[in-house]
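The residues making up each chain are set out below.
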Amino acid sequence: MPTGLFHTKYRTDERIFQTLWVRAWLVIFFILMLIYPFIVSKALLSFTNVALIFILGSIGVNLLTGFAGQITFAHGAFIGVGAYSSALFMIHFKIPFLLSMVLAGFFTSFVGMIFGLPSLRVKGFYLILATMAAQLIIEWCMYNLDFITQGSTGLIVPKASIMGFVFDSDRKYFYLLFAVVTLGVTFARNLFRTRVGRAFIAIRDRDIAAELLGVNLWKYKLMAFGLSTFYAGITGSLWGHYVGIISPEHFPLWLSLYYLGIIIVGGLGSILGSIFGAIFMTALPEILRITASYFGRIYPGIIGAITGLQEAVFGLIIIAFLIFEPDGLAERWRTIKAYWKLWPFSY
Amino acid sequence: MNESLLFFLQLLITGLVIGSVYALVALGWVLIYKSTGVLNLAQGELVLVGAYICFLFSIQLQLPFIVSFILTLVASVVIALLIERLSLRPMVGEPIISTIMVTVGLSSLLRGIVIIIWGTDTRIYPSVFSQVPVYIGPIPLSRVYMTSIVFAAILLIAFSLFFKYSRTGIAMRAAASHQQAALSMGISVSQVFALSWIIATLVASMGGVILGLINGINISITLMGLKVLPAVVFGGLDSIPGAIIGGITVGVLENLCGGYFDIYFRAGVKEIAPYVFLVLVLIFRPYGLFGKPIIERL
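Computed from a prediction, not measured in an experiment: that's the story for all the values here.

1. Here we look at the overall build of chain B
Across its full length, chain B carries 11 helices and two strands. Element order for chain B, N to C, with α for helix and β for strand: α-α-α-α-β-β-α-α-α-α-α-α-α. Taken over C-alpha atoms, the radius of gyration comes to 19 Å for chain B, in line with the 19 Å a tight globule of 298 residues would show. By principal-axis analysis of the C-alpha atoms, chain B measures approximately 60 × 50 × 35 Å.

2. A few points about the overall build of chain A
When helices and strands are counted, chain A shows 16 helices and four strands. Over its C-alpha trace chain A gives a radius of gyration of 21 Å, about what one expects of a compact globule, namely 20 Å for 347 residues. The principal-axis extents of the C-alpha atoms in chain A amount to approximately 65 × 60 × 45 Å. Put simply, 76% of the contacts in chain A that link residues at least 6 apart link residues at least 24 apart.

3. Observations concerning helix α1 (residues 3–36) of chain B
The terminal C-alpha atoms of α1 of chain B lie 49 Å apart, and with 34 residues this matches the ideal 50 Å at 1.5 Å per residue to within 8%. Note on α1 of chain B: the residue one or two positions beyond its end, Gly-37 of chain B, has a positive phi of about 75°.

4. Section: the interface of chain B and chain A
Quoted interface sizes are often the accessible area lost when the parts come together. Between chain B and chain A, the residue contacts involve 33 residues of the former and 35 residues of the latter. Of all the secondary structure elements, the ones that give two or more residues to the side of chain B that touches chain A are α4 (96–118), α9 (223–235) and α11 (269–284) of chain B. Ranked by residues supplied to the side of chain B that touches chain A, first place goes to α4 of chain B with 16 residues. Along the lines of polarity and charge, the residues of the side of chain B that touches chain A split into 24 nonpolar, six polar and three charged.

5. Looking at the nonpolar core
Side chains of nonpolar character tend, in soluble globular proteins, to be buried together. One finds Val-25, Ala-26 and Leu-27 of chain B to be the most contacted residues of the largest nonpolar core, which totals 192 residues. Looking at this core element by element, the count peaks at 16 residues for helix α8 (residues 189–215) of chain B.

6. Some remarks on the packing of helix α3 (residues 65–88) of chain B against α8 of chain B
For any two helices packed against each other, one specifies the inter-axial angle together with the distance between the axes. Residue and element names in this part refer to chain B. At their nearest, the axes of α3 and α8 sit 8 Å apart, and the two run at 140° to each other. The pairing of α3 with α8 is recorded here as oblique in orientation. Like other packed secondary-structure pairs, α3 and α8 cross with a definite hand, here right-handed. Taking contact as the criterion, the partners of Phe-69, Thr-72, Leu-73, Ser-76, Val-77, Ile-79, Ala-80, Leu-81, Ile-83 and Glu-84 in α3 are, on α8, Phe-193, Ala-194, Trp-197, Ile-198, Thr-201, Leu-202, Ser-205 and Val-209. For the contact of α3 with α8, the class distribution of residues is 13 nonpolar, four polar and one charged.

7. What about unusual backbone geometry?
Residues other than glycine seldom take positive phi values, yet Lys-94 of chain A does so here, at roughly 55°. One non-glycine residue with positive phi stands out, namely Gln-62 of chain B, at about 60°. Tracing the sequence through the fold places Gln-62 of chain B in the loop between α2 (43–60) and α3.

8. Quick look at the packing of helix α4 (residues 75–93) of chain A against helix α5 (residues 97–116) of chain A
Residues and elements named next belong to chain A. One can describe the packing of α4 onto α5 by two numbers: an axis separation of 8 Å at closest approach and a directional angle of 140°. By the angle between their axes, α4 is oblique relative to α5. Classified by chirality, the crossing of α5 by α4 is right-handed. Contacts from Phe-78, Val-81, Gly-82, Ser-85, Ser-86, Phe-89 and Met-90 of α4 reach α5 at Phe-97, Ser-100, Met-101, Leu-103, Ala-104, Gly-105, Phe-107, Thr-108, Val-111 and Gly-112.

9. A closer look at helix α13 (residues 271–295) of chain A
All names here are of chain A. Its 25 residues place the ends of α13 36 Å apart at the C-alpha level, agreeing with the 36 Å of an ideal helix rising 1.5 Å per residue. Along α13, the sharpest kink reaches roughly 25°, centred on Leu-284 and followed within four residues by the proline Pro-285. Of all the positions in α13, only Ile-271, Gly-273, Ser-274, Ile-275, Phe-276, Gly-277, Ala-278, Ile-279, Met-281 and Thr-282 are classed as buried. Residues of α13 that are buried sit in contact with α3 (42–67), α8 (170–191), α12 (253–266) and α16 (328–342).

10. So, the environment of Gln-70 of chain A
Within the secondary structure layout, Gln-70 of chain A lies in the loop between α3 and α4. For the pair Gln-70 of chain A and Arg-204 of chain A, spaced 134 residues apart in the sequence, the C-alpha separation amounts to 7.4 Å.

Definitions and cut-offs
Residues numbered from 1 in each chain as written. Chains lettered and ligands numbered in written order. Predicted model: local features only at pLDDT ≥ 70, side-chain atom pairs only at ≥ 80, totals over all residues. Helix = DSSP H or I, 4+ residues; strand = E, 2+ residues; numbered from the N terminus. Rg over C-alpha atoms; globule rule 2.2 N^0.38 Å. Contact = placed C-beta atoms within 7 Å. Expected span 1.5 Å × (residues − 1). Nonpolar A, V, L, I, M, F, W, Y, C, P; charged D, E, K, R; others polar. Core = buried A, V, L, I, M, F, W, Y, C linked by C-beta atoms within 7 Å. Buried ≥ 20, exposed ≤ 12 C-beta atoms within 10 Å, placed from the backbone. Axes fitted to C-alpha atoms, helices over the stretch in contact; angles between N-to-C directions. Parallel < 35°, antiparallel > 145°, perpendicular 65-115°, else oblique. Left-handed = near helix turned anticlockwise from the far one by under 90°. Bend = angle between axes of the 7 residues up to and from the residue.

The following block contains the structure:
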């Protein structure tokens, strides 16, 4: 039983997966994921797909809010921009799916950087207001520019396909999502071993000090906005092609708040936290729905109150996490791991 | 008097009435920020809860309106104390995103509870005032509007006087401007915190009742909490006169924009106008009318 790691080279110390065991588990995990769609039920698979989309989106939010410290209330709208632009690229310009997904990412990134421009002048609460205004203005545009977006009737999104292979079932879509999310997670995790990622963290911790150390605030804040909204764009694109029809109701302010809730529950400034948070917060409404339908046999009123119940529980969970476990599920996971590592001889 | 001037005056007066409610809610918001440093995103839900509690007493329990109004105020005090003690006191000294997200959680919780109990349909208040309008010159003005604007004005003046002259008001301002100095002068800062939440919830409930009398209530009242943000930013976040001016400005502005621009754009200019205004304020005068620029040191 290893009780600790002893590094003699910087290279080994910098590794993400440090022991052979962890790497072996990783390989086993990937093999499991390959056969996953064939062993789980249909409902669980579509739940997994939604969770994967939420993971990608919450990594984007975490890059900006958790790592670079710029609070955003507009990611719901940015995801919407990604969804609409990807669909419109495919419909009007006949661009193949993969390319239009990436283009949607860049377009959202562009929109995000425009709204990120005030982030140099304002911060904290003022930045919240600026991004909230961005959310509401983009949402208004989605409703009212209906010659482009079809307004609240909804826009029918073509199916995703690569070289004639159409992702038309949950099972096929799972592989697409899993590949993109793996790419996204790997990129984000490695970003924080580079100069750019460290600059983000320096800005979060104390922006004036970071500037004194030679971090170009304007450049890196804008870069954080660009990267984070690129993730949002890809998320939106994947969401749009998954559900098949999008309307502005999919991207309200509530979605932005939900994403913030995800990274708080998971852990601000932790990639693993985004993953845990996204899974937990996607499961929560499902669990509530199942519980409500179970108790609905005894108290019939509970089914009608389900939307209210979801909001109330969401609020309660955010408050409880902030008060009792401010570092989120990622921290809880670390404590549990540390406990079992030394079990039964804990200090 | 010609047609267009009358149209303008009607928009202006509606704007003033709605604006005075905004001013009330903004006053509560600024008070919380000034004395506790919490940026409260649940202000709209406080308005909502106040409005529904009054509905509960006056319609569902059939109490006389004035009695139910007083009971609403009592309930608001209890709610304010619960919120302050249970959710915000543990957050003292935490980073800004945590306190803000606690208020976001709070807003979601309160809204959820209201939906569970009362659903999302529009509910109508008892008609306290007669439907016959009052005429100011040639302009017809409904009695509800008349009463609410007078009521809001009285409250705003009363609170301004309270902060300027009363012992408690001065203590609150002292705690707001320098906590440690206030503590060493014998002011109980935790009492001041509780008191500012109580006052903020009280004015929010009153705003809710006024809105209910004007239009009836439904869940969209919570938008109030978002509209009050442009108002407080315009006023400068921590200034009470600023909040009042900001609230009235936003109310008038959104009505004028709604009245004149809805023809050119599609519907909903009224909803978006305050936020466009907010962006303009953030660009050209980020510290508002009366706010102090923050000087940062390492």
